[in-house]
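Coordinates in review
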Amino acid sequence: MRVLLWLLISTLPAAALGGSASRLADAAFSGSTVMVLGTRGSACSGTVVARRLVLTAAHCVEGSKQIAIAWLQAGQPKLMAVTASMRHPQARTGSAVSVDLALLALGEALPARFSPAPIDAGEAPHALGAQRVLAGYGLAEDGVEASAGQLRTASTIVLPKLLPRFLRLGATAGGMDAFRICTGDSGGGVFTPDGTLVAVIAQRERLNGGKTCGPVAQAVRTAPQIGWIRATMAKLGG
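Residues numbered from 1 in each chain as written. Predicted model: local features only at pLDDT ≥ 70, side-chain atom pairs only at ≥ 80, totals over all residues. Heavy atoms only, no water.

To continue, consider the overall build of the protein. For the protein, the count of helices and strands is three helices and 16 strands. Counting across all 238 residues of the protein, residues that qualify as buried make up 55%. Here the contacts in the protein between residues at least 6 apart in sequence split such that 69% fall between residues at least 24 apart. Surface exposure of the protein reaches about 9600 Å², of which carbon and sulfur atoms provide 54%. (Helix = DSSP H or I, 4+ residues; strand = E, 2+ residues; numbered from the N terminus. Buried < 20%, exposed > 50% of the residue type's maximum accessible area, 1.4 Å probe, protein only. Contact = heavy atoms within 4.5 Å. Areas by Shrake-Rupley, 256 points an atom, 1.4 Å probe, with all protein chains shown as cover.)

Here you go:
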């Protein structure tokens, strides 16, 4: 399983941020962001919310018999098996209003280099234009699979929402080409500039004809789901 899952990193679109607004992630986000890999060929991102727990998108784990998280350490791949997962009861495949969240439990605690991200329970206002940071692995260029595998962050702003439980995020400047959310970015975290997790990336909007990327992201807010998140963390031993 270790070989199979690691091969996915280099052969499939993983969680990624493309465009001129993206940059290599600093320590604040590399310490709380991991890859989420499934045996059905899925490759996403997730956020560490406890030493043994990762929050991601529900569709990232759907259909996989085995799931693992992965990261790079000193240029070498590290993998850790997921021992249990729980999807949000309102996660619905193919639904635009799916509460697309899942919590993953690991068999052992993550290394000390990881620091769980604080989760917003309603304190963070989401005014139009508020700055948010997205973190994810994978495609830096639309349709170029070889550009996957590097953790990147991108600065975005809150856009007018289409759905009440979701955040809609896009470029701060430079037009649509300044930021791209790419295939597999699902499950990655949306943070305030100080590193508080406020949402989980669920999907991208294909507004500019991109093959694997789009200029706008939709993300499930954590605050309305904080009750489920906390209760599930407790069940999974977080």
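Taken in spatial order, the six strands of this closed barrel run β3-β4-β5-β8-β7-β6, and their pairing is antiparallel. Direction aside, the axes of adjacent strands within the sheet are offset by 45° on average. In this sheet, strand β5 (residues 53–56) lies alongside strand β4 (residues 43–50) in antiparallel orientation, the contact comprising three bridges. Bridging across to β5, valine 48 finds its partner in valine 54. Sitting on the sheet, helix α3 (residues 226–236) is in contact with β4, β5, β7 (76–87) and β8 (102–106), with an inclination near 20° to β8. (Pairing = 2+ DSSP bridges. Axes fitted to C-alpha atoms, helices over the stretch in contact; angles between N-to-C directions.)

Turning to the pairing of strand β6 (residues 67–73), a few remarks are in order. In terms of burial, β6 is largely enclosed, as five of its seven residues are buried. Pairing of strand β3 (residues 33–38) with β6 involves four bridges; the strand directions are antiparallel. Of the residues in β6, the one forming a bridge with glycine 38 is isoleucine 67. Of the strand pairs in this sheet, β6 and β7 are connected by six bridges, and their pairing is antiparallel. Each bridged residue has a counterpart across the sheet, and for glutamine 73 the counterpart in β7 is glutamine 76. Connecting β6 to the next strand, β7, in antiparallel fashion are two residues, including alanine 74 with a positive phi near 55°.

Next up on the list: α3. Buried within α3 we find Ile226, Trp228, Ile229, Thr232, Met233 and Leu236. Mapping the buried residues of α3 onto a view down its axis gives an arc of 160°, with all of them on the same face. Seen from the buried face of α3, the exposed residues on the opposite side, beyond 90 degrees, are Arg230, Ala234 and Lys235. Against β4, β5, β7 and β8 lie the buried residues of α3. (Arc of directions from axis to C-beta.)

What the rule picks out here adds up to two aromatic pairs. Seen in terms of ring centroids, phenylalanine 29 and phenylalanine 191 are 5.0 Å apart; in terms of plane orientation they differ by 65°. Their pairing is edge-to-face. In this pair, phenylalanine 29 sits in helix α2 (residues 27–30) while phenylalanine 191 sits in strand β13 (residues 189–191), placing the two residues 162 residues apart along the sequence. On the basis of relative accessibility, which here comes to 0%, the residue phenylalanine 191 falls in the buried class. Measuring from ring centre to ring centre gives 5.1 Å for tryptophan 71 and phenylalanine 114, while their planes differ by 80°; the resulting arrangement is edge-to-face. (Phe/Tyr/Trp six-rings, centres within 6.5 Å; stacked < 30°, edge-to-face > 60°.)

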